[in-house]
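# Structural overview for review
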Amino acid sequence: MIAILAAWVMTHPPIPAYQSLPLEDLSYAINAHAERKYKALPPGVSYELAREFDAVGRLADVDPLFIAGLTYTESRWSGGALGDGGASVGLYQMVASSVRSVLPRLSRKQARKALADPLQRVLCAGYYWRRLIRRYGRTRAAVVFNCGPVRCKKLKHTRVTRGYFRNYKQIRGGLKGE
């Protein structure tokens, strides 16, 4: 079993730790990725996304470019995105139970509204990611984020979690000077 786990860890990358980047560079990388994928973002949007991803990254000790890759995979950077029949909401496609695990006093309806508010969304996502990394480690946290702690019994990356890392690498490649 230990050999299987060791082989799995070697083939699945850990979530990168926080790296401070100038917001302008992060914004540039986000906009360059958007242009490559479909079209440029409206003026100012990439900078606001960069600020949010940097704040979440600081709270969770995760590279903001990884947060950018994750949110692109989950919602194509649309704050109003709905998934799973309306159960998951916003940029991070978090469900109300995930928000309530961070802010337990919220009702289900309040938790959904929290994901629409940028400040509360940053706090929810940042603290939720920090909790996942502490509990499951950097390698499994992305799988648990995608599948949830109950459904994530097997050690395997899904198509979606592979998308997190693929988009992270593409966005990192879009930084000025790299």
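Residues numbered from 1 in each chain as written. Predicted model: local features only at pLDDT ≥ 70, side-chain atom pairs only at ≥ 80, totals over all residues. Heavy atoms only, no water.

A complete count under the given rule lists four salt bridges for this structure. The residue Arg 58 makes a salt bridge to Asp 54 at a minimum N-O spacing of 2.9 Å. With Arg 58 and Asp 54 both in helix 3 (residues 45-60) and four residues apart, this pair spans about one turn of that helix. Classification of Asp 54 as buried rests on a relative accessible area of 7%. (Salt bridge = Lys/Arg side-chain N within 4 Å of Asp/Glu carboxyl O. Helix = DSSP H or I, 4+ residues; strand = E, 2+ residues; numbered from the N terminus. Buried < 20%, exposed > 50% of the residue type's maximum accessible area, 1.4 Å probe, protein only.)

Look at helix 4 (residues 64-75) against helix 7 (residues 118-147): their axes get within 13 Å of each other, and the N-to-C directions meet at 45 degrees. As the angle between them shows, helix 4 and helix 7 are arranged oblique. The two elements helix 4 and helix 7 meet at a crossing, and its hand is left-handed. Packed against helix 4, whose contacting residues are Phe 66, Ile 67, Leu 70 and Glu 74, the element helix 7 presents Trp 129, Ala 142, Phe 145 and Asn 146 at the interface. (Axes fitted to C-alpha atoms, helices over the stretch in contact; angles between N-to-C directions. Parallel < 35°, antiparallel > 145°, perpendicular 65-115°, else oblique. Left-handed = near helix turned anticlockwise from the far one by under 90°. Contact = heavy atoms within 4.5 Å.)

Turning to helix 4, a few remarks are in order. In this model helix 4 runs 16 Å from its N-terminal to its C-terminal C-alpha over twelve residues, within 8% of the 16 Å that 1.5 Å per residue would give. Extensive coverage of helix 4 is indicated by the burial of eleven of its twelve residues. Every buried residue belonging to helix 4 is among Pro 64, Leu 65, Phe 66, Ile 67, Ala 68, Gly 69, Leu 70, Thr 71, Tyr 72, Thr 73 and Ser 75, and all of these are buried. Those residues of helix 4 hidden inside the fold are in contact with helix 2 (23-37), helix 3, helix 7 and helix 8 (159-173). Where helix 4 begins, the side chain of Asp 63 points an oxygen toward the backbone nitrogen of Leu 65, at a separation of 2.9 Å. (Expected span 1.5 Å × (residues − 1). Polar contact = N/O pair within 3.5 Å; in protein donor to acceptor, adjacent residues only side chain to side chain.)

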